[in-house]
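# Per-entry structural report
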Amino acid sequence: MVNGAVRVDPTEPDLSVRIGRLELRYPTLMGSGCYGSGEEYAPFIDLSLLGGVVLKSVTRLPRLGNDPPRLAAVPSGMLNAIGLQNPGIDAYLERDVAKFADRPCAVIGSVAGFSVDDYAYVTKRLAARDEIDAVELNISCPNVGTEGETFACDPELAEAATRAARAVTGKTLIVKLSPNVTDIARIARIAEDAGADALAVINTVRGMAIDVERQRPRLGNGSGGLSGAAIRPIAVLAVYEVAQAVRIPIVGQGGIETARDALEFFLAGASAVGIGTGNFTDAQAPVKVVAGVRDYLIARGKTRLRDIVGAANPAFAGVRA
Ligand SMILES: Cc1cc2nc3c(=O)[nH]c(=O)nc-3n(C[C@H](O)[C@H](O)[C@H](O)COP(=O)(O)O)c2cc1C
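Residues numbered from 1 in each chain as written. Predicted model: local features only at pLDDT ≥ 70, side-chain atom pairs only at ≥ 80, totals over all residues. Heavy atoms only, no water.

Of regular secondary structure, the protein chain possesses 8 helices and 16 strands. Computed over C-alpha atoms, the radius of gyration of the protein chain comes to 18 Å, within 12% of the 20 Å expected from 2.2 N^0.38 for 321 residues, which places it in the range of a compact globule. When the backbone C-alpha atoms are referred to their principal axes, the protein chain occupies close to 55 × 45 × 40 Å. A fraction of 68% describes how many contacts in the protein chain between residues 6 or more apart in sequence connect residues 24 or more apart. (Helix = DSSP H or I, 4+ residues; strand = E, 2+ residues; numbered from the N terminus. Rg over C-alpha atoms; globule rule 2.2 N^0.38 Å. Contact = heavy atoms within 4.5 Å.)

Leu199 and Val201 are the most contacted members of the largest nonpolar core, which totals 88 residues. Ranked by size, the runner-up nonpolar core spans 14 residues in total, among them Leu24, Leu29, Ala200 and Ala272. (Core = buried A, V, L, I, M, F, W, Y, C linked by side-chain atoms within 4.5 Å. Buried < 20%, exposed > 50% of the residue type's maximum accessible area, 1.4 Å probe, protein only.)

Counted under the stated rule, the structure contains 3 aromatic pairs. Ring centres of Tyr35 and Tyr41 lie 3.9 Å apart, and the angle between their planes is 5°; on these two criteria the pair is classed as stacked. Both residues of the pair, Tyr35 and Tyr41, count as buried. The positively charged end of Arg60 is found above the aromatic ring belonging to Tyr121, 4.2 Å away from the centroid. Its end group placed over the ring of Tyr296, Arg300 keeps NZ or CZ at 3.7 Å from the ring centre. (Phe/Tyr/Trp six-rings, centres within 6.5 Å; stacked < 30°, edge-to-face > 60°. Lys NZ or Arg CZ within 6 Å of the ring centre and 35° of its normal.)

Moving on, we come to the site of the ligand. Close to the ligand lie 20 residues, the nearest being Ser32, Ser57, Gly228, Gly255 and Thr277. Asn138 places a polar side-chain atom, nitrogen or oxygen, 3.2 Å from a nitrogen atom of the ligand. With respect to the ligand, the backbone of Gly228 contributes an N or O atom lying 2.8 Å from an oxygen atom. Here the ligand loses 96% of its free accessible area of 610 Å² to cover by the protein chains. In terms of residue class, the shell around the ligand is built from 3 nonpolar, 15 polar and 2 charged. (Near = heavy atom within 4 Å. Polar contact = N/O pair within 3.5 Å; in protein donor to acceptor, adjacent residues only side chain to side chain. Areas by Shrake-Rupley, 256 points an atom, 1.4 Å probe, with all protein chains shown as cover. Nonpolar A, V, L, I, M, F, W, Y, C, P; charged D, E, K, R; others polar.)

Our next topic: helix H6 (residues 259-268). Of all the 10 residues making up H6, 7 are buried; the element is thus mostly covered by neighbouring parts of the structure. Of all the residues in H6, the buried ones are Ala259, Asp261, Ala262, Leu263, Phe265, Phe266 and Ala268. The inward-facing, buried residues of H6 contact helix H5 (232-243), strand E15 (250-253), strand E16 (272-275) and helix H8 (285-299). Phi turns positive, to about 130°, at Gly269, one or two residues after H6.

No statement about biological role is implied by the geometric values presented.
Below you can see the structure in the form of structure tokens.
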């Protein structure tokens with residue numbers, strides 16, 4: 001384990017978190033697609049101060065991604081429609097994965113797919129590598145077999161993808177949920193029952209911006225996924241509701257830029273947090289989040305982060321482990 005929950009100083013609050021079999025020294029994961037594998041950020045931040053990095057989602061076959069523009073800045077956030085650009089699992093395993101071996105924090109592979117078989121196939125191959133500590137299942141993809149229904153939005157597909165991935169690895173499996181559903185708690189329960197060790201809540205929110213001069217959508221793809229501060233209240237509510245429905249840990253994410261933002265997620269019931277878009281404006285954001293959470297705990301006489309998880313959520317159903 002690259003990132004054992006070693007407490008450096010027993011007089012400091014314990015910020016460690018256990019997610020399935022994964023032990024993180026810090027409760028901060030860098031969001032998939034927002035951090036590369038960490039090497040782009042290494043000149044600006046000490047990677048040993050992160051809990052872990054979730055890698056960009058990888059698919060069975062190579063993908064060129066969507067037509068540009070792929071990003072659009074909007075008030076308090078951004079829209080993206082990258083289109084899962086990646087080299088495909090063969091080239092990824094051959095070229096890229098070996099580079100992740102010396103990361104001083106956890107490395108979590110992210111799997112995307114367009115059929116249940118894709119999820120099983122890519123998870124099995126990725127999880128078999130020693131450089132990969134855990135797998136996150138990005139189920140916000142359309143299923144080619146059911147007229148493009150999104151896995152994360154369809155209870156049966158969400159269950160099938162989770163079961164298929166669970167069957168091929170004993171490593172920690174995090175299932176990433178989409179907010180683009182009526183009842184996220186229901187999908188969360190289904191993923192837990194299908195074998196997820198943890199849930200990442202939430203992926204981006206569907207959105208669009210229109211260029212009024214060109215009278216066209218600003219993204220080449222038309223619609224995209226909204227991230228950043230704009231989605232934080234949506235994400236906090238999603239965590240709050242999911243935390244009442246499942247016992248497994250939640251990695252809360254969506255618009256976290258500061259310690260106070262992260263605290264909202266912990267108090268709603270998240271055991272760890274993801275930071276994605278926040279890294280684009282402040283490369284030090286993950287370090288500041290940890291420092292601010294530490295100060296908050298000390299100011300309240302708390303010795304462990306887990307003691308405040310779910311504190312604002314009277315029906316919190318999770319385990320504070
Ligand atoms: C440019 C960009 C690319 C992303 N790519 C992925 C991806 O490949 N897989 C995935 O599961 N999530 C992806 N996401 C979603 C983020 O990991 C994160 O869940 C989401 O943006 C909400 O968190 P944030 O507001 O902190 O960014 C991407 C987000 C952005 C902004």
